[in-house]
Amino acid sequence: MNASWKAYRDRFIQQDGRVIDWESDQRTTSEGQAYALLRAVFADDVTSFERVLDWTEANLARKQPGTDKKLIDRLWIWKWGRKSDGDWGAIDANFASDADIDACYALILAAKRWNRPEYLELARKKLQDLWQHSTIRIQGTRYLLPGPAIAFKRDDVVTFNPSYLAPYAFRLFAQVDPKNDWTALISSSYQLLEGSADLSEVGLPSDWVGLDVKTGRYVPIVAPVLSQYGFDASRVWWRVTWDAEIYNEPRAKVYLERQLSQMRTLWQKDGQIPALIDLQGNALVDYDATSQYGMLYLAFRYAAPDIAQEIYEKKLKTRYKDGFWDDNNAYYTQNLVWFGLLPPRTVAQAINGQFNLSARLGHNAAK
């Protein structure tokens, strides 16, 4: 785990703290910055944490147009890179709530690990804005939006991304930000997760899902995003498994046992799981994805250890070389596999201020 972090740090994080996505025109995303913060905490790399945080706060801050450049809030714009005129800067000023959730989680853990109360204070400020700008009440229930309401509430349909839902994080946020009812998002998260899976004939989560606010029914999305199992949806396994393992959440256990059924069937039948699957259960591509196996490894390690072992041996171990999975340009893969291999007990210990990332890369070490 430490070797892969060092390789990732040297390849993807600039000296100034910017995380580069080499596969997407060297852009930077708030997601990538947040992943780096979270990994740096577990790796006990305070220098990298500070560099990444400083660059992000300086360059991804959402500011009002004009000369004064006052902050709109403490959330981060989600995409930064080369603009159409050739200059570098903000490409999309909207925020993505999953990145701010992961960043707040990292800040809280960093405050504990390094005794840095200023990190906790920053997390609280960000949580206030996240609650105000990225949650919505629908028929008496509070939900997490993927970003600003203006971007995700159109007519009578609100668009959600199930992979953004992090019940384990909401539990921690409730401890440090009692002004807002973060625990309400736990129930709505499981409601949304189950509703999303019900749209699929084989019970899989979707990258995106809609909620008709008039009928209360979940509906497929076809544009500009799509309801299908893909690279976003695979992160649901990570979010739900952490809640199952760290907090012993019964709804998480039931979800994993039920919704992993199709993945178990596909693996046992074909020894491979397609990277994209439509709502009818049909494979949309003939290739698989290492990043998704990282997420599935974590979930199956909890729900079916024998399958987790097979996935590790056949799909993760064989694709790892010199600190990287697949190749040294695959930013997304490096992060998702790393989180998939991170033992949930390590996260639980971190919440209590105890850190230990001595585990080596490998299935046995991750038990």
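These figures come from a predicted structure and were not determined experimentally.

(A) View of the overall build of the protein. Across its full length, the protein carries 15 helices and 12 strands. Against the compact-globule benchmark of 21 Å for 367 residues, the protein has a radius of gyration of 19 Å, which places it among compact chains. Every one of the 367 residues in the protein was classed for burial, and the buried ones make up 58%. Here the contacts in the protein between residues at least 6 apart in sequence split such that 63% fall between residues at least 24 apart. Here the protein carries 45 positive and 46 negative side-chain charges, and the mean point of each set is 3 Å from the other.

(B) View of the packing of aromatic side chains. Evaluation of the coordinates by the stated rule reveals 27 aromatic pairs. An aromatic cluster of at least three residues, connected via ring pairs, comprises Y35, Y105, Y168, W238, W242, W338 and F339. The ring of W22 is capped by R11, whose NZ or CZ atom sits 4.4 Å from the centre of that ring. Positioned above the aromatic ring of Y247 is the side chain of R171, whose terminal nitrogen or guanidinium carbon lies 5.2 Å from the ring centre.

(C) Representation of the packing of helix α2 (residues 30-42) against helix α14 (residues 331-341). Direction vectors running N to C along α2 and α14 enclose 40 degrees, while the axes themselves pass 11 Å from each other. In terms of their interaxial angle, α2 and α14 are classed as oblique. Read as a crossing pair, α2 and α14 show a hand that is left-handed. Contact residues: E31, G32, Y35, L38, R39 and F42 in α2; Y331, Y332, Q334, N335, L336, W338 and F339 in α14. In the contact of α2 with α14, the residues fall into eight nonpolar, three polar and two charged.

(D) Geometry of the environment of I221. When you line up the elements, I221 lands in the loop between β10 (218-219) and α9 (235-247). Under the relative-accessibility criterion, I221 is labelled buried at 8%. Sequence-wise, I221 and P117 are 104 residues apart; in three dimensions their C-alpha atoms are separated by 42 Å. Excluding residues within four positions of it along the chain, I221 makes contact with V157, T159, V209, G210, L226 and S227.

(E) The arrangement of the sheet that holds strand β9 (residues 209-212) in detail. The strand order β7-β8-β9-β10 describes an open sheet built from four strands, whose pairing is antiparallel. If you trace the sheet from one side to the other, it starts and ends with β7 (153-154) and β10, each paired once. Across two bridges, the pairing between β9 and β10 is antiparallel. Looking at the pairing, G210 lines up with V219 of β10.

(F) Region of the structure containing the packing of helix α1 (residues 2-12) against α2. At a minimum axis distance of 11 Å, the contact between α1 and α2 shows a crossing angle of 140 degrees. In this view, α1 runs oblique relative to α2, as classed from their interaxial angle. Crossing angle aside, the handedness with which α1 passes α2 is left-handed. Between α1 and α2, the contacting residues are S4, W5 and Y8 on the first element and A36, R39 and A40 on the second. Residue composition of the contact of α1 with α2, grouped by class: four nonpolar, one polar and one charged.

(G) Molecular detail of the pairing of strand β6 (residues 141-144). When strand β5 (residues 135-138) meets β6, the two strands line up antiparallel, connected through four bridges. Considered in β6, the bridge of I136 is made with Y143. Between β5 and β6, which follow one another and run antiparallel, lie two residues, and Q139 among them has a positive phi close to 50 degrees.

(H) Up close: unusual backbone geometry. Following A223, the chain continues into P224 via a peptide bond in cis, with omega recorded as 0 degrees. Here D155, not a glycine, exhibits a phi torsion of approximately 55 degrees, which is positive. The residue D155 is located in the loop between β7 and β8 (157-160) in this model. Look at D155 and you get exposed, because its relative accessible area is 70%.

Calculation criteria
Residues numbered from 1 in each chain as written. Predicted model: local features only at pLDDT ≥ 70, side-chain atom pairs only at ≥ 80, totals over all residues. Heavy atoms only, no water. Helix = DSSP H or I, 4+ residues; strand = E, 2+ residues; numbered from the N terminus. Rg over C-alpha atoms; globule rule 2.2 N^0.38 Å. Buried < 20%, exposed > 50% of the residue type's maximum accessible area, 1.4 Å probe, protein only. Contact = heavy atoms within 4.5 Å. Lys, Arg positive; Asp, Glu negative; His and termini not counted. Charge placed at Lys NZ, Arg CZ, Asp CG, Glu CD. Phe/Tyr/Trp six-rings, centres within 6.5 Å; stacked < 30°, edge-to-face > 60°. Lys NZ or Arg CZ within 6 Å of the ring centre and 35° of its normal. Axes fitted to C-alpha atoms, helices over the stretch in contact; angles between N-to-C directions. Parallel < 35°, antiparallel > 145°, perpendicular 65-115°, else oblique. Left-handed = near helix turned anticlockwise from the far one by under 90°. Nonpolar A, V, L, I, M, F, W, Y, C, P; charged D, E, K, R; others polar. Pairing = 2+ DSSP bridges.

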